[in-house]
Amino acid sequence: MRQSSLSRLFQCTTAALLAVGCIASASAQTPSVRKFPTTQLNIGIHLIKAEVAKTEAEREQGLMFRDRMADNEGMLFLFGQPAGVCMWMKNTLIPLSVAFMDEKGVIINIEEMKEQTLDSHCAKRAAVYALEMNKGWFKQKNIKPGTKIEGLPQ
């Protein structure tokens, strides 16, 4: 009887340690969501609180693993010099719209992007900036190509 109780205790302890190890392993694999410094942009009467991704590593992470974004929040990508740029939605959990802009902040084109896809969404000509907002944000605000975004960092 004593041997059976010890055996059962050992099995329960082993099972508990395995469960704790699985939980720790799962949480270690859950990517952390890194927030970036913000800036305020405006498009006419619309104010935007935009996180700024300016390094290659920051641009690669972007809005990955976020499960929501407030209505007037977004992410601004700085590319430094005019270039052919494309965006995709790998590990991005929320649908987004992206506006590509030239060096003066004028919107070149706006693309709608589906979450968790590798589809490329590209600027129609060389862009210096890209602004991601919740899907449909630009359309809801009647913001179209040719509109200028103010407050962009240089």
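Preceding this paragraph is the structure being described.
An account of the accompanying structure is given in this report. Here the structure is a predicted model, which is why all the values come from computation and not from measurement. (Residues numbered from 1 in each chain as written. Predicted model: local features only at pLDDT ≥ 70, side-chain atom pairs only at ≥ 80, totals over all residues. Heavy atoms only, no water.)

1. Considering the overall build of the protein chain
- When you go through the protein chain residue by residue, the secondary structure sums to 3 helices and 8 strands.
- Ordered by position from N to C terminus, the α and β elements of the protein chain give α-β-β-α-β-β-β-β-β-β-α.
- Buried residues in the protein chain amount to 35% of all 154 residues.
- A separation threshold of at least 6 residues defines the contact pool for the protein chain, and within that pool the share at least 24 residues apart is 68%.
- Entry remark: accessible area of the protein chain is about 9,600 Å², with carbon and sulfur atoms responsible for 54%. (Helix = DSSP H or I, 4+ residues; strand = E, 2+ residues; numbered from the N terminus. Buried < 20%, exposed > 50% of the residue type's maximum accessible area, 1.4 Å probe, protein only. Contact = heavy atoms within 4.5 Å. Areas by Shrake-Rupley, 256 points an atom, 1.4 Å probe, with all protein chains shown as cover.)

2. Here's the deal with the state of the cysteines
- Counted by the stated rule, this structure contains 1 disulfide.
- The side chain of C86 participates in a disulfide bridge whose partner is C122; the two sulfur atoms lie 1.9 Å from each other. As the torsion about the S-S bond is roughly 105°, the C86-C122 disulfide counts as right-handed. Taken as a pair, C86 in strand β4 (residues 86-87) and C122 in strand β7 (residues 121-122) lie far apart in primary sequence, 36 residues in all. (Disulfide = S-S within 2.5 Å.)

3. Structural notes on the nonpolar core
- In terms of nonpolar packing, the biggest core is built from 19 residues, with L41, I48, L76, M101, L131, F138 and I149 touching the most fellow members.
- Where this core is concerned, the elements lending two or more residues are β1 (38-43), β2 (46-53), β3 (73-83), β5 (96-101), β8 (127-134) and α3 (137-140).
- Here this core takes 4 residues from β8, the largest share from any one element.
- The contact partners of I149, leaving out residues within four places of it in the chain, are L41, N42, I43, M101, G105, I107 and L131.
- The next biggest cluster of nonpolar side chains, apart from the first, holds 18 residues, and it includes V98, F100, A127 and A130. (Core = buried A, V, L, I, M, F, W, Y, C linked by side-chain atoms within 4.5 Å.)

4. Concerning the environment of K90
- Structurally, the position occupied by K90 is in the loop between β4 and β5.
- For K90, a relative accessible area of 43% translates into the label partly exposed.
- Sequence spacing of K90 and L63 is 27 residues, and the spatial spacing of their C-alpha atoms is 9.6 Å.

5. Here's the deal with the sheet that holds β1
- Taking strand neighbours across the sheet as the criterion, the 6 strands line up as β1-β2-β3-β8-β5-β6 in an open arrangement whose pairing is mixed. Two strands close off the open sheet at either side, each with one partner strand: β1 and β6 (107-113). Adjacent strand axes in the sheet meet at a mean angle of 30°, parallel and antiparallel pairs treated alike. (Pairing = 2+ DSSP bridges. Axes fitted to C-alpha atoms, helices over the stretch in contact; angles between N-to-C directions.)

6. Some words on a nonpolar patch on the surface
- Together, V33, F65 and L93 line one region of the surface with nonpolar side chains, adding up to about 210 Å² of accessible area.
- On the secondary structure map, F65 appears in the loop between α2 (56-61) and β3.
- For F65, a relative accessible area of 30% corresponds to the partly exposed category. (Patch = residues over 30% accessible without salt bridge, like charges linked within 9 Å, V, L, I, M, F, W, Y side chains within 5 Å. Salt bridge = Lys/Arg side-chain N within 4 Å of Asp/Glu carboxyl O.)

7. Quick notes on the pattern of salt bridges
- In total, this model carries 3 salt bridges according to the counting rule given.
- Close ionic contact of E51 with R66 constitutes a salt bridge, the shortest N to O distance being 2.7 Å. In this pair, E51 is assigned in strand β2 and R66 in the loop between α2 and β3, connecting sequence segments 15 residues apart. Note on accessibility: E51 and R66 belong to one class, buried.
- A salt bridge links D102 to R125; the shortest N-O distance between them is 3.6 Å. Placement of the pair is D102 in the loop between β5 and β6 and R125 in the loop between β7 and β8, with a sequence separation of 23 residues.
- Given the relative accessible area of 48%, R125 is considered partly exposed.

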